[in-house]
Amino acid sequence: MWETDNKFLNGPFTPWHEETEAFDLEVIGTIPADLDGALFRTGSNPRFKPRNAERYHWFEGDGMVYAVYLRDGKAAYRNRYVMTDALKVEMEAGEAIYSGFVNGGTPGALPEGAPPMKNVPNTNVGVLADRLLVFFEGGLPHQMDPQSLETRGTYDFRGDVTRTCTAHYKIDPDTGNMLFFSYVGSEITWFEADRHGQVLDSFTFTTSAPSMFHDFAVTKNHAIFFVTPGLFLAPNIGQGKPGLVWDPSATQHGVEIVTMHRRTHEVNTYRVDETFFPTHFFNAYEKGSEIVIDAPRIEERFGTPADRINRPVDSHEWFMDAIPWRWTIDTAARRVTHSPISHTAGEFPAISPNLVGQEHSYGYFVTTRGASPDTMSDGLAKTDLRRGTVTVIEGLDDLTNPSEPIFVPREGGAEDEGYLLTIWWNRQSELSEMCIHDTEDFTQTPLARIKLPGRVPFGFHGSWSGRDRIEESLAVLAGEPQA
């Protein structure tokens, strides 16, 4: 689309600017009758050519939300940009104004009244707090109508979340409460809110370094954060320098695992004398006096090395392999042991949402084996932790580069009984397809392939919402004035 060899602007990442709606989509196979609701996904989708196309990073694209609605074995589709105040400024100017925050760059002159920083709600999306919320951890989430995808302004949880809000949240399967956090520099604020957005608990504590706390894990009693050498240095951004920096000296060439008790707020720190970065968490759970944590980890670096701050890493060398790993904290002995779960490189882990914070036996993720230089992912994997096996499937025909798998459990089914929903890139058509796989009978041929009318640029996260939850949200929005 733009003349650049930046990987994050080509192939499955290529921006798609058209806002589309379509009904009765072509389906190969059969959509299961019990899938009644919508898959919501975010994309990193720059509306205008970045000011520094070679330095542009995947994390920086404008937020667009994509929805695939399923009912009675049929599918419909809609996608729209999240209309933030910063995007409106650039649309009025007809060009990009804001610089990148990952690898740095040259910012443009901001018009009077323009937001000083760009909120790009491109990272996660879900029906929470009675509305469809779209997240970017550098600011507040935006709310959208889950049916029309019309942007309804930002959301601050009734005034209780005032600065930033993590793009990652967990839903407590026992209470339905939303568990999340905010971070600025070395300060983390923990939140728990009910399903209507009422904050029930919050607590602020300080860590030893301003790490990028992108994701976290929870158990029945604890919230868990990793303090790593992958730093988020906000002051660098205003100077045009990389904001994501890898500096092992900042954490004394190791990693700290910080636990916060969800009721007493007691904070404990456990040290691992190795440097690594956990990308996203499968899950965590307690077993007697032990806390078990599963996540893919990158060993070499995450971000631009501190000693080459003026030569940021480019798009083809930015992400290193992540290997599924397990850390076990013996809280009585204050000792951490760790080892790989498997040796299949991958990202975007998922489990059954019914087992968040509880012991799990299965995990799912996309593989990143480097099968092709123009893609990020190249397969879909299922891990059976009881047997120690990993099953990998690839896309049919020209399908590749699958998105994060979204697990939808079958009602009343066992842990392994449900569906995996993923968005794949069709290399031949350069459009996208949604595939539905059976998690129990995990084979290359999906139950259904849904042909989408556009391309969903390879993005980050998403979620499934049942029709009843969507309709509850629509009823709440109908009674609120528009922003």
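Scroll up for the structure.
Residues numbered from 1 in each chain as written. Predicted model: local features only at pLDDT ≥ 70, side-chain atom pairs only at ≥ 80, totals over all residues. Heavy atoms only, no water.

Draft legend 1. Inspection of the overall build of the protein chain at higher detail. Helices and strands together make up the secondary structure of the protein chain, namely 3 helices and 35 strands. The globule rule puts the C-alpha radius of gyration for 483 residues at 23 Å, and the 21 Å found for the protein chain is close to it. Here the protein chain holds 483 residues, and the buried ones make up 60% of them. A separation threshold of at least 6 residues defines the contact pool for the protein chain, and within that pool the share at least 24 residues apart is 60%. Put simply, the protein chain shows about 18,800 Å² of open surface, and 46% of that area lies on carbon and sulfur atoms. Averaging the locations of the 42 positively and 68 negatively charged side chains of the protein chain gives two centres separated by 1 Å. (Helix = DSSP H or I, 4+ residues; strand = E, 2+ residues; numbered from the N terminus. Rg over C-alpha atoms; globule rule 2.2 N^0.38 Å. Buried < 20%, exposed > 50% of the residue type's maximum accessible area, 1.4 Å probe, protein only. Contact = heavy atoms within 4.5 Å. Areas by Shrake-Rupley, 256 points an atom, 1.4 Å probe, with all protein chains shown as cover. Lys, Arg positive; Asp, Glu negative; His and termini not counted. Charge placed at Lys NZ, Arg CZ, Asp CG, Glu CD.)

Draft legend 2. Local environment of the sheet that holds strand β10 (residues 170–171). The strand order across the open sheet formed by 4 strands is β10-β11-β12-β13, and the pairing between neighbours is antiparallel. The strands lining the two open edges of the sheet, one partner per strand, are β10 and β13 (199–206). In terms of strand pairing, strand β11 (residues 178–184) meets strand β12 (residues 187–193) through 7 bridges, oriented antiparallel. Bridge pairing links Met 178 to Ala 193 in β12. (Pairing = 2+ DSSP bridges.)

Draft legend 3. Summary view of the nonpolar core. Formed by 54 residues in total, the largest nonpolar core has its most connected members in Trp 58, Phe 59, Phe 225, Phe 302 and Trp 318. Only β11, β12, β15 (222–227), β17 (244–246), β18 (255–261), β27 (362–367) and β32 (418–426) provide two or more residues apiece to this core. Those residues in contact with Phe 302 that lie beyond four places of it in its chain are Phe 59, Met 212, Gly 230, Leu 244, Val 245, Trp 246, Phe 277, Trp 318 and Phe 319. (Core = buried A, V, L, I, M, F, W, Y, C linked by side-chain atoms within 4.5 Å.)

Draft legend 4. Highlighting helix α1 (residues 85–93). Taken as a whole, α1 has its buried residues at Ala 86, Leu 87, Val 89 and Glu 90. Down the axis of α1, the sector holding all buried residues measures 155 degrees, keeping them to one side. Exposed side chains of α1 directed beyond 90 degrees from the buried face belong to Asp 85 and Glu 92. Buried residues along α1 sit against β5 (74–81). With its phi angle positive at about 75 degrees, Gly 94 sits one or two positions after the end of α1. (Arc of directions from axis to C-beta.)

Draft legend 5. Inspection of the sheet that holds strand β29 (residues 389–393) at higher detail. Across the sheet, which stays open at both edges, the 4 strands sit in the order β26-β27-β28-β29 with antiparallel pairing between neighbours. A strand with exactly one partner marks an edge of an open sheet, and here the two such strands are β26 (346–350) and β29. On average, each strand axis in the sheet is tilted by 25 degrees relative to the strand beside it, whichever way the strands run. Where β27 and strand β28 (residues 379–384) come together, 6 bridges link them in antiparallel fashion. Each residue of the ladder has a partner; that of Val 366, found in β28, is Leu 380. (Axes fitted to C-alpha atoms, helices over the stretch in contact; angles between N-to-C directions.)

Draft legend 6. Representation of the side chain of Thr 422 in the model. Here Thr 422 is to be found in strand β32. There is a polar contact of 2.7 Å between the side chain of Thr 422 and the side chain of Trp 424. Discounting residues that sit within four places of it in the chain, Thr 422 has contacts with Leu 380, Ser 403, Glu 404, Pro 405, Glu 433, Met 434 and Cys 435. (Polar contact = N/O pair within 3.5 Å; in protein donor to acceptor, adjacent residues only side chain to side chain.)

Draft legend 7. The arrangement of unusual backbone geometry in detail. You will see that Phe 348, though not glycine, has its phi angle at about 50 degrees, which is positive. By the element assignment, Phe 348 lies in strand β26. Phi at Asn 401 is positive, roughly 55 degrees, even though this residue is not glycine. With relative accessibility at 2%, the residue Asn 401 sits in the buried group.

Draft legend 8. Broad picture of the packing of aromatic side chains. A full pass over the atoms with the stated rule returns 39 aromatic pairs. Ring geometry for Phe 40 against Tyr 69: centres 6.2 Å apart, planes inclined by 90 degrees, an arrangement best described as edge-to-face. Taken as a pair, Phe 40 in strand β3 (residues 37–44) and Tyr 69 in strand β4 (residues 63–71) lie far apart in primary sequence, 29 residues in all. Exposure class is identical for Phe 40 and Tyr 69. Each is buried. Aromatic side chains Trp 58 and Phe 458 sit 5.2 Å apart centroid to centroid with 10 degrees between the ring planes, which places their arrangement in the stacked category. (Phe/Tyr/Trp six-rings, centres within 6.5 Å; stacked < 30°, edge-to-face > 60°.)

Draft legend 9. Region of the structure containing the pairing of β27. Across the 6 residues of β27, 6 count as buried, placing the element largely inside the fold. Two elements, β26 and β27, share 3 bridges in a ladder whose sense is antiparallel. Each residue of the ladder has a partner; that of Ala 350, found in β27, is Tyr 364.

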